[in-house]
Number of protein chains: 2
Amino acid sequence: MSQTVDRALSILPLLAEGPANLEQVAQRLDVHKSTALRLLRTLHEHGIVHRQADQRYRLGARLFALAQEAMENLDVREIAHPHLVELNAACGHTVHLAVYEEDEVLYIDKVESRYPVRMYSRIGKPVALTVAAVAKLLLADLPEPERRAVAERLDYPRYTSRSTPDAAAFLAELATVREQGWATDLGGHEESINCVAAPIRGAEGRVVAAMSVSAPNVVVSADELLTLLPRVRRTAEAISADYVGKPIRPAERDTP
Amino acid sequence: MSQTVDRALSILPLLAEGPANLEQVAQRLDVHKSTALRLLRTLHEHGIVHRQADQRYRLGARLFALAQEAMENLDVREIAHPHLVELNAACGHTVHLAVYEEDEVLYIDKVESRYPVRMYSRIGKPVALTVAAVAKLLLADLPEPERRAVAERLDYPRYTSRSTPDAAAFLAELATVREQGWATDLGGHEESINCVAAPIRGAEGRVVAAMSVSAPNVVVSADELLTLLPRVRRTAEAISADYVGKPIRPAERDTP
DNA sequence: AATGCCCATTGCAGAGTATGCAATCAGCAT
DNA sequence: ATGCTGATTGCATACTCTGCAATGGGCATT
């Protein structure tokens, strides 16, 4: 809609790949160097990009700070956190909280396992949509046409032999998940890691987030992990109750 | 430098505070609503902002993903990580890695303590500049005039009775730190938490990052933590050696 | 030390884009 | 139904951005 801003923003994913110099940026944007320079300067003034010693540009600190601040302000996260901690205290495994947003599912909170062998994941990291238990729950709740559309345009990487192979299988899985109100990922992403997940519902029953417990085979078998399901579901329901109960809207900020 | 981009970027910190509607954004930017709308639309198209059910805007998923990707691509982080893990395995405490960038110090990696009582921190979170051990190391290495300038313009919040009180004290502390090549924070940020930190140096001896080990009093006393100093310094030196040895510059991307 | 190359940077005039206005539309509460 | 609040659109104007070409700075080579 706005050409200038559009161009400026296009620089970001480009720099996310790694540092780049002025000419590289100009070429990738298909604009004159002087144009790219002005855009980069503006981004720089805002701390969004950083200029390193060799004059190349990369993404800047403020971007991290922004992402961080925004994450900390998410209502669900704040409400869910104590419940996640409690669940972790009870079972000891890694607990995740995730939300869906325009074709991406991402972890917004995490409580680390107390066991030495842990699952690798990181807050803010986009989740493997086609296999993750939390992704299934979040996508299963989309309105039918959109769900189908998303399923069609996804890739189905074969992380393991048990990864969801294609759109048809995925839609079928989503139907099941939607029906039963919980989901699992049994070695579909990492051969040796299993997850069980449950949905967190907002006011009108829409799934606003999903939480999961993950553990590697070497710690507990899939069967053992499944025995935690009732507990996970109860936690998710408790969070849902809190969430609809007090949609803490921290006093509308008004402008003087 | 570019008005339009400047305005668009000014929206981000505003939204980081929490969701806002069109009018609020327009007012804060001091532009017409239609202008704000177009800017928000552009940001939206790029996934930088997200529009929630109540039509208000907030920061979007792509922002998190970008911050994440950028972080993962930092050379130092990649090189340092295995060393941090090793140190954590040896001592069990929380290990942090931090860098300085334009008036901010932020954690770019972390290995969690194995003890149940842990320090709160989060990757990407800006660090308390005036007290954190890693911040002291990073700031101590700035060229004299800049170091002074930064010290002067900082605030000196009294987190605890042992927080650095003012610019003079801070500059003195930085001189010491610079001299001795390591730093501590003994209850200067959180009364009950101590840290010891060591610098990671790049090619010309410049401090490019800093790492620290942190532990609460209830786990180990400050004195006990200090016994880890040689080990921390050795780890930092090992990372430095790796870093100058192979400044992995992942093959310049060229544009077709 | 001098030269040449590469890349960043700047001034400027033209072109195109962003802006603000005012009107319209949509949703919600009265 | 009616009136409010807030989002959205079309359009002419003015201003901002753009690309060019020239300048400048840093670095390696001779």
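Residues numbered from 1 in each chain as written. Chains lettered and ligands numbered in written order. Predicted model: local features only at pLDDT ≥ 70, side-chain atom pairs only at ≥ 80, totals over all residues. Heavy atoms only, no water.

- As recorded in an unreviewed UniProt entry, chain A goes by the name Glycerol operon regulatory protein, listed as coming from Streptomyces boncukensis.
- The record in UniProt for chain A states the following under Function (unreviewed entry): "May be an activator protein for the gylABX operon." (UniProt positions renumbered as here; feature names shortened; annotations may be inferred.)

1. Details of the protein's contact with DNA strand C
Thought 1: As a structural note, the neighbourhood of DNA strand C is formed by 21 residues, with A:Gln3, A:Leu37, A:Arg41, B:Thr35 and B:Arg38 the closest of them.
Thought 2: Counting only atoms of DNA strand C within 4 Å of the protein, the fraction found in sugar and phosphate groups is 71%.
Thought 3: A:Ser2 places a polar side-chain atom, nitrogen or oxygen, 3.3 Å from a phosphate oxygen of DNA strand C.
Thought 4: B:Arg38 places a polar side-chain atom, nitrogen or oxygen, 3.4 Å from a base nitrogen of DNA strand C.
Thought 5: Elements represented by at least two residues in the surface near DNA strand C include exactly α1 (3-16), α2 (22-29) and α3 (33-45) of chain A together with α1 (3-16) and α3 (33-45) of chain B. (Near = heavy atom within 4 Å. Polar contact = N/O pair within 3.5 Å; in protein donor to acceptor, adjacent residues only side chain to side chain. Helix = DSSP H or I, 4+ residues; strand = E, 2+ residues; numbered from the N terminus.)

2. Considering the sheet that holds strand β5 (residues 183-186) of chain A
Residue and element names in this part refer to chain A.
Thought 1: Overall, antiparallel pairing links the five strands, which are arranged β4-β3-β7-β6-β5 in an open sheet. Two strands close off the open sheet at either side, each with one partner strand: β4 (104-111) and β5. Going across the sheet, the axis of each strand differs from the next one's by a mean of 25°, ignoring polarity.
Thought 2: As paired elements, strand β3 (residues 94-101) and β4 share seven bridges and run antiparallel to each other. (Pairing = 2+ DSSP bridges. Axes fitted to C-alpha atoms, helices over the stretch in contact; angles between N-to-C directions.)

3. Quick look at the packing of helix α7 (residues 144-153) of chain A against helix α8 (residues 167-180) of chain A
Residues and elements named next belong to chain A.
Thought 1: Packing of α7 against α8 leaves a shortest axis separation of 9 Å and a crossing angle of 140°. The pairing of α7 with α8 is recorded here as oblique in orientation. For the pair α7 and α8, the sense of crossing is right-handed. Judged by residue contacts, Arg 147, Arg 148, Ala 151 and Glu 152 of α7 engage Ala 167, Phe 170, Leu 171, Leu 174 and Arg 178 from α8.
Thought 2: For the contact of α7 with α8, the residue count by class is five nonpolar, no polar and four charged. (Parallel < 35°, antiparallel > 145°, perpendicular 65-115°, else oblique. Left-handed = near helix turned anticlockwise from the far one by under 90°. Contact = heavy atoms within 4.5 Å. Nonpolar A, V, L, I, M, F, W, Y, C, P; charged D, E, K, R; others polar.)

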